[in-house]
Amino acid sequence: MTLTNRPDLPAEIARRRTFAIISHPDAGKTTLTEKFLLFGGAIQMAGQVRAKGEARRTRSDFMKMEQERGISVSASAMSFDYGKFRFNLVDTPGHSDFSEDTYRTITAVDAAIMVIDGAKGVESQTRKLFEVCRLRDLPILTFCNKMDRESRDTFEIIDEIQENLAIDVAPASWPIGMGRDFLGAYDLIHDRLEIMDRADRNRVAETIRISGIDDPKLAEHVPPHQLEKLREEIEMARELLPQFDRQSFLEGHLTPIWFGSAINSFGVRELMDGMAEYGPAPQPQTAAERQIAPEEPRVTGFVFKVQANMDPKHRDRVAFVRMASGHFERGMKLLHVRSRKQMAISNPVLFLAADRELAEEAWAGDIIGIPNHGQLRIGDALTEGEALRFTGIPSFAPELLQSVRATDPMKAKHLEKALMQFAEEGAAKVFKPQIGSGFIVGVVGVLQFEVLASRIELEYGIPVRFEGSQFTSARWLTGPQDKVEAFANVNKQHMATDHDGDLVYLTRLQWDIDRVTRDHPELRLTATKEMM
Ligand code: GDP
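Keep in mind that what you see is a predicted model, and the values were worked out from it rather than measured. (Residues numbered from 1 in each chain as written. Predicted model: local features only at pLDDT ≥ 70, side-chain atom pairs only at ≥ 80, totals over all residues. Heavy atoms only, no water.)

J.: Can you help me understand the packing of aromatic side chains in this one?
T.: The relation between two aromatic rings is expressed through the spacing of the ring centres and the mutual angle of the planes. A full pass over the atoms with the stated rule returns 14 aromatic pairs. Pairing F304 with F320 gives two aromatic rings, centres 6.3 Å apart and planes at 50°, and the pair type is tilted. A residue pair is termed long-range when its members are at least 10 positions apart, and F304 in strand 14 (residues 300-308) and F320 in strand 15 (residues 317-325) qualify at 16 residues. Take F320: its relative accessible area is 1%, and that puts it in the buried class. Ring centres of F449 and F466 lie 5.2 Å apart, and the angle between their planes is 50°; on these two criteria the pair is classed as tilted. With F449 in helix 13 (residues 447-460) and F466 in strand 28 (residues 464-468), this pair connects stretches of sequence that are 17 residues apart. Given the relative accessible area of 15%, F466 is considered buried. By way of ring pairs, the aromatic residues F19, F36, F80, Y82 and F87 are connected into one cluster. (Phe/Tyr/Trp six-rings, centres within 6.5 Å; stacked < 30°, edge-to-face > 60°. Helix = DSSP H or I, 4+ residues; strand = E, 2+ residues; numbered from the N terminus. Buried < 20%, exposed > 50% of the residue type's maximum accessible area, 1.4 Å probe, protein only.)

Shown next, in the form of structure tokens:
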């Protein structure tokens, strides 16, 4: 076993920024991501993300659905350099039906960028995703997009965020005009004027140094009526709104906001600079045993996502691992803590833009993909020997249950295998009732049944039918072993096991849960279970 005591470890960690972009569908996340990659030098021309997305979609028709629905179902991670920084951007699924996946993605990042549409403000999905970030006190940078369209008044937008999300908002830039009159923004942090280039959407805005809001130079670039308004608004903003405070931002109490237009590449660089300059370096991770500091020389990491069948021809599975500490080198042998087996990590992949590349090395904070045959599951730890269990990667009780069967009874056995794979991937909960045959599948959002049905058919060639189930909810059952067994015996018609073999109590009504809680105080019914 090698102890990678690299002197450059602290510097490599310090230059890393691992984050996610959260937004309501249509606010501009894809466009912004594309511009990030463009300015990060990962792609040559904006438009490639979609083009590559197309290529990726041909890998499986499941992805086609993603395209038709205009939702992104699968999270992936992309790495690229920005100046002297290394950005790891973890993509979050944007649809509310995939909140569990999103939650796990959030466990792998240190910060988030919240994109809102300047005309729409805080939308339902923005709020949900924000709440997930708040559970972990993640620092959040806000990008108010589409300022080239008619948008709301700047103060109104800021107020709405403050009130709706209960977070202080400090303007990092101030927009000048909107819609057709949108000229650019005043950079309040650096006292610069940024003028949007309407001719070339992929070009960075022109920057003009200004020595404060009273600088006469402003008048050369901003028409009088807009200038007067700008000066008034900035004066008011400085009086009424919070100032940027890094500590408060890092603690998740304050978000800096930039105003821009992703499609016109406007404000994107300032946002990226903000992430580089103020964003957190990789943070310590929590295990049941202790905190793991990124600077520790020994490599540790945890699986936060498993994606099966990315390439249906190979039936491969990729486990996405967030490196929690140390310097990893390709070929290293790591302990797979759950199975207590050594694994040689010989073909890890880094996702550079939409391409896969062999990862020769990775540092704490990075995300690598490890192809495997199902050994790696969500929540699993990889270490250089220490038996760590990372915490905080929950599995939620599904909110919707349906029974599933193959339309061709001959394929029942294959169906079981397919279902187990999806359960391990975290795409659904699969319960095997103790009485009768067949399976009950649980999901968090109703669209997931459709996604599953189409994946089972496409990836395994098994047409299936989902049908209503008498059960509506599921709870994991724990307590003293004899009590659990006694209870399970009497309530056989409610009992099932999940894919890990853990006991689950299926319920028809909330009343069932209340009854058990009242009559069996020694037992615990829980709606989440830590995955490890
Ligand atoms: P996502 O669903 O959040 O990923 O949003 P997209 O990036 O796909 O953008 C949704 C729509 O808004 C697309 O038609 C984009 O071209 C458009 N869009 C994105 N950014 C801007 C912008 O700054 N201004 C305008 N006018 N449209 C934009």
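After presenting the structure, the write-up continues.
J.: Any chance you could explain the site of the ligand here in plain terms?
T.: Surrounding the ligand, one finds 17 residues, the nearest of these being D26, K29, T30, T31 and D148. The backbone of D26 places a nitrogen or oxygen atom 2.7 Å from an oxygen atom of the ligand. Here D148 contributes a side-chain N or O atom positioned 2.8 Å from a nitrogen atom of the ligand. Considering the ligand on its own, with 580 Å² of exposed area, one finds that the protein chains cover 78% of that surface. Looking at which element gives the most residues to the shell around the ligand, the answer is helix 2 (residues 29-39), with three residues. Considering only residue class, the shell around the ligand consists of four nonpolar, seven polar and six charged. (Near = heavy atom within 4 Å. Polar contact = N/O pair within 3.5 Å; in protein donor to acceptor, adjacent residues only side chain to side chain. Areas by Shrake-Rupley, 256 points an atom, 1.4 Å probe, with all protein chains shown as cover. Nonpolar A, V, L, I, M, F, W, Y, C, P; charged D, E, K, R; others polar.)

J.: Just checking my understanding: could you explain the pairing of strand 4 (residues 111-117) for this structure?
T.: In regular strands, side chains alternate between the two faces of the sheet. Of all seven residues in strand 4, seven are buried, a share of seventy percent or more. Along strand 4, one buried face is formed by A111, I113, V115 and D117 and the opposite face, lined by A112, M114 and I116, is buried too. When strand 4 meets strand 5 (residues 140-145), the two strands line up parallel, connected through six bridges. Paired with M114 across the bridge in strand 5 is T142. (Pairing = 2+ DSSP bridges.)

J.: Which parts of the structure should I look at to understand the sheet that holds strand 3 (residues 85-90)?
T.: Strand pairs in the sheet, formed through backbone hydrogen bonds, run parallel or antiparallel to each other. Spatial strand order, 2-3-1-4-5-11-6: seven strands in an open sheet with mixed pairing. Among the strands making up the open sheet, the edge pair consists of strand 2 (77-82) and strand 6 (168-171). Direction aside, the axes of adjacent strands within the sheet are offset by 30° on average. On the sheet, helix 11 (residues 268-278) packs against strand 1 (16-23), strand 2, strand 3, strand 4, strand 5 and strand 11 (254-259) and is oriented at approximately 175° with respect to strand 5. (Axes fitted to C-alpha atoms, helices over the stretch in contact; angles between N-to-C directions. Contact = heavy atoms within 4.5 Å.)

J.: Whenever I open this one, the sheet that holds strand 30 (residues 495-497) confuses me. Can you help?
T.: Taken in spatial order, the eight strands make up an open sheet running 28-25-27-26-30-31-29-32, and their pairing is antiparallel. Sheet topology places strand 28 and strand 32 (524-526) at the edges, where each strand pairs with a single neighbour. Taking the axes of each pair of neighbouring strands and ignoring which way they run, one obtains an average angle of 40° across the sheet. Strand direction decides the pairing type here: strand 26 (residues 429-433) and strand 27 (residues 439-443), joined by three bridges, are antiparallel.

J.: Please explain the packing of helix 12 (residues 412-425) against helix 13 as it appears in this structure.
T.: Packed helix pairs are characterised by how far apart their axes lie and by the angle those axes make with each other. It is the contact of helix 12 with helix 13, at a shortest axis distance of 11 Å, that shows an interaxial angle of 120°. If you check the angle between helix 12 and helix 13, you find them oblique. For the pair helix 12 and helix 13, the sense of crossing is right-handed. Of helix 13, the residues touching helix 12 (which contributes L415, A418, L419, Q421, F422 and E425) are L452, R455, I456, E459 and Y460. (Parallel < 35°, antiparallel > 145°, perpendicular 65-115°, else oblique. Left-handed = near helix turned anticlockwise from the far one by under 90°.)

J.: What am I meant to see in the packing of helix 2 against helix 11 here?
T.: Two elements in contact, helix 2 and helix 11, have axes whose closest approach is 10 Å; the angle formed by their N-to-C orientations is 75°. The orientation of helix 2 with respect to helix 11, classified from their angle, is roughly perpendicular. In this structure, helix 2 contributes L32, K35, F36 and F39 to the contact, and helix 11 contributes V268, R269, L271 and M272.

J.: Quick question: what am I supposed to make of helix 12 here?
T.: Taking 1.5 Å of rise per residue, 14 residues should cover 20 Å, and helix 12 covers 20 Å from first to last C-alpha, within 8% of that figure. Within helix 12 the residues assigned to the buried category are L415, A418, L419, Q421, F422, A423, E424 and E425. The first or second residue beyond helix 12 is G426, which carries a positive phi of 90°. (Expected span 1.5 Å × (residues − 1).)

J.: Explain the pattern of salt bridges to me, please; I cannot follow it from the model alone.
T.: Side chains that differ in sign of charge can pair as their charged atoms come close. All told, the structure shown has 25 salt bridges when counted by the stated rule. Across the salt bridge formed by D117 and K146, the nearest N and O atoms sit 3.6 Å from each other. Taken together, the positions of D117 in strand 4 and K146 in the loop between strand 5 and helix 7 (154-165) put the pair 29 residues apart, joining distant regions of the chain. Side by side, D117 and K146 carry an identical accessibility label, which is buried. For R290, the salt bridge is made with E296, and the minimal N-O distance between the two is 2.9 Å. According to the relative accessible area criterion, R290 is partly exposed, its value standing at 29%. Overall, E296 belongs to the buried group, its relative accessible area being 19%. Where salt bridges share partners, they join E12, R15, R16, D81, R86 and D366 into one cluster. (Salt bridge = Lys/Arg side-chain N within 4 Å of Asp/Glu carboxyl O.)

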